[in-house]
Amino acid sequence: MAVAAAALAGGVADPFSGVTTAGVTDYPLPYNPMGPSLIQLHVGGVTQEPGVGFTLIPMASPSGFGFRLNFDVIDGLEYWGQLQRSLPSNPNATVLTPEQFMGVGITDAQAINAALAAAAGRPVRGAAGATYTLSSTVEYTGSVNLDLSASRVFIPANVQGFVFSAQPFGAFDLTADYVPGDAFIDVALPADLRVAGQPIKIYSEAVDPANRDEGSSAAQYRCAEWAIVADGSTSSRVYLTAPLRFPVGIDPVDGVGDEARIPAYSLAMSARVIVPDATVRASVRLGDVAYEAGHDGDIWASSAVRLRGLVNPQVSARIARGYQAGIAVEGTYGAVVNDVVIGHLTDNAAQGQFGYGVSNSGGQTVVSNLRAGPVRHGYTSSYPVIAGASTDLYQ
């Protein structure tokens, strides 16, 4: 039976309890704690000290946090305790900070990830003048509102700095060949994905005529383009605001080099549609972001910021030092990249270090107030090569 723990000073104290399972060390917490020192935990009647008997950890739980027992766990031990919450009862009134999630055994990247998960699209703001050290990636899928503009980020490892994504829908196969000049395609999209104004991307196995055709299913530039859904779409036909622009390509496996053009968006070329999630919102403001210097020869090649599968995200940043792209826009529509300063990015293509300030493989990306150098390119269109029968929805 659970025994009441002594009251914690200040804040909102909430009880929790459960039963251990043999060999399982990680258990969820029901609320977001202010830190491990503000958790009281008892297991099998024995008081556990933070950093000794248990460690606060990020995990998939209602709060985004849990605790890890630092000893061999047997079956059937009751645990109980209480914690002081960092969040008020009104979830819409909170601006979270990474500091609320820091504690023993918690890295800065884990704290930022946990703050983003707990915020679920509400603002997360870094402390003014703080330096966050990322030895692993800050990675979040879903709506994000992150403001580290008054903070600094130091990355001492060859890891992606920040990766923000939305999970696309698809792929949806065309049910009939596209006829050049038509402002519609025959494809069965769910009702909520064929509303007017929704961006979609159509692509196929056909090779772009400007590609160096290899006569195989190797990764090559495929025929693909963005389109916007118009009014009047049905369960079997999607109307577009304009006809598709690049409806011809080359058969990817019929010989090497230039050859006769074929319909690109056809059943024979497995034409299909990807739909990005337009309900996800992303706003990212970063202060100085710098990778550790001195790794040009170590073939560090990770991008500082990646935007994947988003619709109309907004990002600003100051990338002081890096080895690959400063900001990479991938499978994203309508990104606004504004007020960006790119410092030193390594330019060594032989080692796969392409120092692109903004590497854009999205659609209708707007880049403004960009200052860059020394870099390979301040801005480049960097569309991906795609392997045959690819299932990658972020291309």
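Before any of the text, the structure's been laid out above.
Here we summarise the structure given alongside this text. (Residues numbered from 1 in each chain as written. Predicted model: local features only at pLDDT ≥ 70, side-chain atom pairs only at ≥ 80, totals over all residues. Heavy atoms only, no water.)

1. Examining a nonpolar patch on the surface
Point 1. A surface patch of nonpolar side chains, amounting to about 290 Å² of accessible area, comprises Tyr221, Tyr383 and Val385.
Point 2. Looking at the secondary structure, you find Val385 in the segment after strand S28 (377–381). (Patch = residues over 30% accessible without salt bridge, like charges linked within 9 Å, V, L, I, M, F, W, Y side chains within 5 Å. Areas by Shrake-Rupley, 256 points an atom, 1.4 Å probe, with all protein chains shown as cover. Salt bridge = Lys/Arg side-chain N within 4 Å of Asp/Glu carboxyl O. Helix = DSSP H or I, 4+ residues; strand = E, 2+ residues; numbered from the N terminus.)

2. Some points on empty space enclosed by the protein
Point 1. Here the structure, examined in full by the defined rule, presents one cavity of 30 Å³ or more.
Point 2. The space that makes up the largest cavity amounts to roughly 40 Å³.
Point 3. Surrounding the largest cavity, ten residues form its lining, Trp226, Ile274, Pro276, Gly331 and Leu393 being those nearest its centre.
Point 4. Residue composition of the lining of the largest cavity, by class: six nonpolar, three polar and one charged. (1 Å grid on protein atoms, 1.4 Å probe; cavity = no way out; pocket = protein on both sides within 12 Å on 5 of 7 lines; lining within 4 Å. Points joined across faces, edges and corners; volume = space filled by probe spheres on them. Nonpolar A, V, L, I, M, F, W, Y, C, P; charged D, E, K, R; others polar.)

3. Overview of the sheet that holds strand S24 (residues 327–333)
Adjacent strands of a sheet form backbone hydrogen bonds with each other and so pair up, either parallel or antiparallel.
Point 1. An order of S10-S12-S22-S24-S26-S28 is seen for the six strands of this open sheet, with the pairing classed as parallel. Looking at the sheet topology across the chains shown, the edges are occupied by strand S10 (138–141) and S28. The sheet shows a mean angle of 10 degrees between the axes of neighbouring strands, taken without regard to direction. (Pairing = 2+ DSSP bridges. Axes fitted to C-alpha atoms, helices over the stretch in contact; angles between N-to-C directions.)

4. Let's talk about the sheet that holds strand S15 (residues 199–207)
Point 1. Read across the open sheet, the four strands follow the order S13-S20-S15-S16; overall the sheet is antiparallel. For this open sheet the edge positions go to strand S13 (169–173) and strand S16 (222–228), each flanked by a neighbour on one side alone. Across the sheet, the axes of successive neighbouring strands diverge by a mean angle of 25 degrees, strand direction being ignored.
Point 2. With six bridges joining them, S15 and S16 adopt antiparallel strand pairing. Of the residues in S16, the one forming a bridge with Pro199 is Ile228.

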